[in-house]
Amino acid sequence: MTIIRLNLEKLFTHPNNTIINESETIAQALNEAQRLTKLTSDLLLLAKGDSNTLILDKETIDTNTFIHKVLDPFQLLAEEQEKQLIFKENKSFNADIDVVKLHQVLLILLDNAFKYTKTGDSITVTSSLTNKKQWEVSIKNFEPHINEDKLNHIFTKFYREDDSRNKETGGNGLRLSIAKQIVEEHGGNIQAKNLTPVGVSFTFRLPLMHVKKPKH
C-alpha cells in the first residue's frame, strides 16, 4: 500500500506530464495493486479452509486428460524459456475431484517449478495409480535442494525457505500452503522431497473411493 500511495502522490507532483512520461510510475502502482489483489484472494481462500467453509464441487474426470489440459498452456512458456516440460503418462483412470481447485494446485506447483528451473533444464510431471488406490501426481525439477530441516515447513502459511530467493520470484509464503489445504480437503496429502543427486519433487496423493479399471 505504501508503494502504491507514493507512486500516486508522485503523479500529483507532475500534473502536466503525459501517461507516457509517467508510465513507469503507473506500472509500479499497477504491479503492487495486482500483488495485493492476489494476496487478498489467497488469504480469503485460506480463511475459508480454517473455518471449514471451503466447499468442493466434485466431478468425475479422466486423469491424463485433466493433466494435459493443465500442462498444454505451459508448453509455450517452456519453449519461450528454453526449458523442457515432460509429461510421463501412465495408464489413465477416473477420479472425483474439484476441477477448479485441483487445477489451482497444479498451477501453484508448476509455477514454483518454472521459477527455479534454469534454462536448458527440464520439469517432469508424472501421474499414476498407486497400489493403495491413490492418485499420485509428482512434479520434479532440477532446482537446488531445500534444506532438510526446512522441508516440513515449506507448506506452512507465510513460510519462505529463502527470503532473498523469494523476493526475486515474488513469493509471499502462501501459495504452497493453499496447495496443501486443497489437497487435504480432498482427503489427500502433499510433500516435498530432495532428489539425488540434484533436484526437488513435489508430490500429492489423493484417495480414490471408486476407481475404474485403468484404460489399456
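Preceding this paragraph is the structure being described.
Quick caveat: nothing in here was measured; it's all calculated off a predicted structure. (Residues numbered from 1 in each chain as written. Predicted model: local features only at pLDDT ≥ 70, side-chain atom pairs only at ≥ 80, totals over all residues. Heavy atoms only, no water.)

Let's shift gears to the packing of helix 4 (residues 99-115) against helix 6 (residues 175-185). Across the interface, helix 4 lies against helix 6 with an axial gap of 9 Å and an inter-helix angle of 145 degrees. The crossing of helix 4 and helix 6 is left-handed. Note on element contacts: helix 6 touches helix 4 through R175, L176, I178, A179, I182 and V183, opposite K101, L102, Q104, V105, I108, L109 and D111. Grouping the constituent residues of the contact of helix 4 with helix 6 by class yields 9 nonpolar, 1 polar and 3 charged. (Axes fitted to C-alpha atoms, helices over the stretch in contact; angles between N-to-C directions. Helix = DSSP H or I, 4+ residues; strand = E, 2+ residues; numbered from the N terminus. Left-handed = near helix turned anticlockwise from the far one by under 90°. Contact = heavy atoms within 4.5 Å. Nonpolar A, V, L, I, M, F, W, Y, C, P; charged D, E, K, R; others polar.)

Turning to the packing of aromatic side chains, a few remarks are in order. Under the counting rule described, the total for this entry stands at 5 aromatic pairs. With centroids separated by 6.1 Å and ring planes inclined at 70 degrees, the aromatic side chains of F66 and W135 adopt a geometry described as edge-to-face. Of this pair, F66 sits in helix 3 (residues 63-80) while W135 sits in strand 5 (residues 134-141); the two residues are 69 residues apart in sequence, bridging distant segments of the chain. Across the pair, W135 and F66 agree in class, each one buried. Centroid distance F93 to W135: 6.3 Å. Interplanar angle 85 degrees. Geometry classified as edge-to-face. With F93 in the loop between strand 2 (84-89) and strand 3 (94-98) and W135 in strand 5, this residue pair connects regions lying 42 residues apart in the sequence. For the pair F93 and W135, a shared accessibility class is recorded, and that class is buried. Site record: aromatic cluster; members linked through ring pairs are F66, F93, W135 and F204. (Phe/Tyr/Trp six-rings, centres within 6.5 Å; stacked < 30°, edge-to-face > 60°. Buried < 20%, exposed > 50% of the residue type's maximum accessible area, 1.4 Å probe, protein only.)

What follows deals with the pairing of strand 6 (residues 189-194). Here strand 6 shows one buried face, formed by I190, A192 and N194, and one open face, formed by N189, Q191 and K193. Where strand 6 hands over to strand 7 (residues 200-207), the hairpin turn is made up of 5 residues, of which G199 adopts a positive phi near 115 degrees. (Pairing = 2+ DSSP bridges.)

Okay, the pattern of salt bridges next. All chains considered together, the criterion is met by 5 salt bridges. The salt bridge involving D98 is made with K101; its shortest N-O contact spans 3.4 Å. Of the two residues, D98 and K101, neither departs from the other in class, the shared state being buried. Between D111 and K115 there is a salt bridge, and its shortest N-O distance comes to 3.3 Å. (Salt bridge = Lys/Arg side-chain N within 4 Å of Asp/Glu carboxyl O.)

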